[in-house]
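# What the coordinates show
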Amino acid sequence: MAFGRSSTGRRKRPVEPVTLKLLVAGGFGVGKTTLVGAVSEIRPLRTEETLTEAGRPVDDLRGVETKSTTTVAMDFGRITVREDLVLYLFGTPGQDRFWFLWDELAQGALGAVVLCDTRRLEDSFAAIDYFERRGIPFAVAVNCFEGAARFPAGTVRTALDLDPDVPLMMCDARDRESVKAVLVAVVEHALTLAARTREPAVT
Ligand SMILES: Nc1nc2c(ncn2[C@@H]2O[C@H](COP(=O)(O)OP(=O)(O)O)[C@@H](O)[C@H]2O)c(=O)[nH]1
Ligand SMILES: [Mg+2]
């Protein structure tokens with residue numbers, strides 16, 4: 001038969017993966033650079049600068065006193081979640097003085113992870129507001145630093161005033177599997193929301 005789609009004798013074609021863009025946001029020192037580095041298959045592109053004395057009054061180091069570098073532009077990484085799904089991660093700069101970059105970074109993003117540290121939850125309010133206002137789907141991940149008090153998810157949810165459908169998870173930004181679970185949750189959440197908005201209106 002001349003035409004047909006028999007696959008016998010044919011090599012399985014490599015799957016062309018879907019690529020999605022996710023943002024990683026949250027307060028300064030919350031673990032964004034660590035998270036991207038933990039899962040990235042490519043050497044993460046980082047734009048770290050040594051914290052200068054001049055930046056000290058601005059860069060709040062409470063809880064991360066050992067931190068000696070800061071991300072001035074962004075972190076960038078890539079993770080293949082499945083053969084057919086590749087995520088590109090863009091870490092947003094945590095400091096308010098780099099907010100002008102956010103709108104550029106948010107272009108084309110499917111969704112975002114907002115990382116939080118329970119010692120400084122308020123540092124992640126701005127990121128949550130940003131995604132809520134722009135209707136960008138996001139999940140909240142609490143980076144469980146040792147020494148930080150553990151709170152039940154419900155308490156954190158209330159403190160952050162999250163909508164009930166926003167996924168909230170505990171994670172360890174240094175742990176690949178933990179971070180992967182967070183990223184998968186964001187993708188699933190974003191796809192669920194997208195499917196909901198695409199549903200035809202009932203007439
Ligand atoms: N103990 C612990 N330290 C962490 C964790 N995540 C990040 N760190 C450390 O906290 C500091 C701030 O993390 P970093 O990824 O640079 O924060 P960023 O400013 O959000 O990019 C660094 O010294 C990290 O090594 C974590 O889950 N546990
Ligand atoms: Mg950083």
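Right above here is the structure, for reference.
Okay, so let's go over this structure.

## Focus: the packing of aromatic side chains
For the structure shown, the criterion picks out six aromatic pairs. On the numbers, 6.2 Å between centres and 35 degrees between planes, the contact of Phe 131 with Phe 138 is tilted. Each member of the pair, Phe 131 as well as Phe 138, is classed as buried. Members of the aromatic cluster, connected to one another through ring pairs, are Trp 102, Tyr 130, Phe 131 and Phe 138.

## Notes on the environment of Thr 34
Checked against the element boundaries, Thr 34 lands in helix H1 (residues 32-39). Since its relative accessible area comes to 37%, Thr 34 is described here as partly exposed. Dropping the residues within four chain positions of it, Thr 34 is found in contact with Ala 173 and Arg 174.

## With respect to unusual backbone geometry
Of note in this structure, Asp 161 is not a glycine but carries a positive phi near 55 degrees. Structurally, the position occupied by Asp 161 is in the loop between helix H4 (153-160) and strand E8 (168-171). For Asp 161, a relative accessible area of 61% gives the class exposed.

Calculation notes
- Residue indices begin from 1 for each chain and proceed along its sequence in written order.
- Key to labels: chains lettered from A, ligands numbered from 1, both in the order written.
- Whole-chain, interface and lining totals are the exception, using all residues; otherwise, since this is a predicted model, local features are given only for residues with pLDDT of at least 70 and side-chain atom pairs are given and counted only at 80 or more.
- Side-chain measures here rest on the full set of heavy atoms in the structure, leaving out hydrogens and waters.
- Pairing of aromatic rings covers Phe, Tyr and Trp, the last counted by its six-membered ring, and requires centre-to-centre distances within 6.5 Å; plane angles under 30 degrees mean stacked, over 60 mean edge-to-face, and any other angle means tilted.
- Per-residue accessibility, obtained with a 1.4 Å probe over protein chains only, is compared with the maximum for each type, and a residue is labelled buried under 20%, exposed over 50%, and partly exposed between these values.
- The numbering of helices and of strands both runs from the N terminus, where a helix is a DSSP run of H or I of at least 4 residues and a strand a run of E of at least 2.
- Note on contacts: a residue pair qualifies if any of its non-hydrogen atoms lie within 4.5 Å across the two residues.

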